Amino acid sequence: MNYLSHGNDHDFFDKEHVERFLRNHKTGTDNHGRQYLGYLLRQYENPSVLDIACGSCVNHETWRNMGIPHRYTGLDLTQKLLDEASKRYPDSVTLLRGYAQDAASIFTNEKFDVVVIRHFLEHVYNGQYESIVEQAFQLANKELIIVFFLTPHGGMEDKVEERSSGIDGHPEVTHFWNEYSWPKFVNFIAKFGCRVTTECIVTPGAAHTDFIVRVIK
């Protein structure tokens, strides 16, 4: 099945864009939200981590720079970003190409201590996040960590919008920009029957705050 909202696959990026993607303007290893995820990993001994929509694996670079042992697997749709990650970290990452919506079928015989979905659900086609979250939860042995860059609002309905990406030279490219209902999201994850915690992490100078949701088994 094709889950693309046009902007999910970034293989239209040129080489320079790939190299700097999510590595500037306080979005890279200096981002406090990424660093906070590293502190969460420290509670486990050399945890296995699945990073869904991993891009060029800036999360892995952040945690490695922090000296946090972990076994990293990344899943992403964009081959150019995976190639960039392979070039940067040839010996420390396992990378697979595919849709987040197919995660359970991609990892049929494998589970991970921690599964991370960071800054991705807001771009999901038509705001249909439920299957992605369910499969990610299924793949997590200890916890699922979801990070929103658009903090969910207090209303009862999701705000789903498809807009132009604004990328120079690619006016045809669009992506979804979804703001989710927090009451609706809480009702959804409540069925997992797990402990849920939240935390807001602010990075001075960054465009967005990281709203971190932990679903702990």
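Below you will find a few notes about this structure.

Rules used in this analysis
- Residues numbered from 1 in each chain as written.
- Predicted model: local features only at pLDDT ≥ 70, side-chain atom pairs only at ≥ 80, totals over all residues.
- Heavy atoms only, no water.
- Helix = DSSP H or I, 4+ residues; strand = E, 2+ residues; numbered from the N terminus.
- Buried < 20%, exposed > 50% of the residue type's maximum accessible area, 1.4 Å probe, protein only.
- Contact = heavy atoms within 4.5 Å.
- Areas by Shrake-Rupley, 256 points an atom, 1.4 Å probe, with all protein chains shown as cover.
- Pairing = 2+ DSSP bridges.
- Axes fitted to C-alpha atoms, helices over the stretch in contact; angles between N-to-C directions.
- Lys, Arg positive; Asp, Glu negative; His and termini not counted.
- Salt bridge = Lys/Arg side-chain N within 4 Å of Asp/Glu carboxyl O.
- Parallel < 35°, antiparallel > 145°, perpendicular 65-115°, else oblique.
- Left-handed = near helix turned anticlockwise from the far one by under 90°.
- Nonpolar A, V, L, I, M, F, W, Y, C, P; charged D, E, K, R; others polar.
- Right-handed = clockwise from strand over helix to strand, strands pointing away.
- Core = buried A, V, L, I, M, F, W, Y, C linked by side-chain atoms within 4.5 Å.

## Quick word on the overall build of the chain
And step 1. The number of helices and strands found in the chain is 7 helices and 9 strands.
And step 2. Residues classed as buried in the chain amount to 53% of the 217 residues present.
And step 3. For the chain, long-range pairs separated by at least 24 residues make up 70% of all intrachain contacts whose partners lie at least 6 apart in sequence.
And step 4. Accessible area of the chain: about 10100 Å², with a carbon and sulfur share of 48%.

## What to know about the sheet that holds strand β9 (residues 210–216)
And step 1. Across the sheet, which stays open at both edges, the 7 strands sit in the order β3-β2-β1-β4-β5-β9-β8 with mixed pairing between neighbours. Edge positions in the sheet fall to β3 (93–97) and β8 (195–201), since each has one partner strand and no second. Strand after strand, the sheet turns through a mean of 20° between neighbouring axes, direction not considered.
And step 2. When strand β5 (residues 140–148) meets β9, the two strands line up antiparallel, connected through 6 bridges. Paired with Val147 across the two strands is Ile212, which belongs to β9.
And step 3. Along the sheet, helix α6 (residues 130–139) contacts β1 (48–52), β4 (112–118), β5 and β9; its crossing angle with β5, the most-contacted strand, is approximately 145°.
And step 4. Of the strands in this sheet, β5, β8 and β9 touch helix α7 (residues 182–190), which is tilted by about 20° from β9.

## Some points on the side chain of Arg34
And step 1. Within the secondary structure, Arg34 is located in helix α2 (residues 32–41).
And step 2. Despite its burial, Arg34 pairs with no opposite charge, the nearest such side chain being Asp51 at 6.1 Å.

## Points about helix α3 (residues 58–65)
And step 1. In terms of burial, α3 is largely enclosed, as 6 of its 8 residues are buried.
And step 2. Where the residues of α3 are buried, they touch α2, β1, β2 (71–76), α4 (79–88), β3 and β4.
And step 3. Just downstream of α3, Gly67 is the residue with a positive phi angle, here 75°.

## Observations regarding the packing of α2 against α3
And step 1. Orientation of α2 relative to α3, taken along the N-to-C sense of each, is 60°, at an axis distance of 9 Å. As summarised for this structure, α2 and α3 are arranged oblique, according to the angle between their axes. Here α2 and α3 pass one another in a crossing that is right-handed. Facing α2, whose interface residues are Arg34, Gln35, Leu37, Gly38 and Leu41, α3 presents Val58, Asn59, Thr62 and Trp63.
And step 2. Partitioning the contact of α2 with α3 into residue classes produces 4 nonpolar, 4 polar and 1 charged.

## As for the environment of Ala100
And step 1. Positionally, Ala100 belongs in the loop between β3 and α5 (103–106).
And step 2. The spacing of Ala100 and Val133 is 33 residues in sequence and 9.1 Å in space, taken between C-alpha atoms.
And step 3. Residues in contact with Ala100, not counting those within four places in the same chain, are Ile52, Leu75, Phe120, Ile132 and Gln135.

## Re the pairing of β5
And step 1. Counting buried positions over the 9 residues of β5 gives 7, a clear majority of the element.
And step 2. When β4 meets β5, the two strands line up parallel, connected through 6 bridges. Across the sheet, residue Ile117 finds its bridge partner in β5, namely Ile146.
And step 3. After leaving β4, the chain enters α6 and then returns to the sheet as β5, a path that is right-handed.

## A closer look at the nonpolar core
And step 1. Ranked by size, the top nonpolar core spans 30 residues in total, and within it Val115, Leu121 and Leu144 carry the most contacts.
And step 2. Secondary-structure elements contributing two or more residues to this core are β1, β4, α6, β5, α7 and β9.
And step 3. In terms of residue count, α6 provides more of this core than any other element does, 5 residues in total.
And step 4. Apart from residues no more than four positions distant in its own chain, Val115 is found in contact with Leu50, Ile52, Ala136, Leu139, Ala140, Glu143, Leu144 and Ile145.
And step 5. Listed in part, the 21 residues of the second largest apolar core include Tyr44, Met66, Ile145 and Val147.

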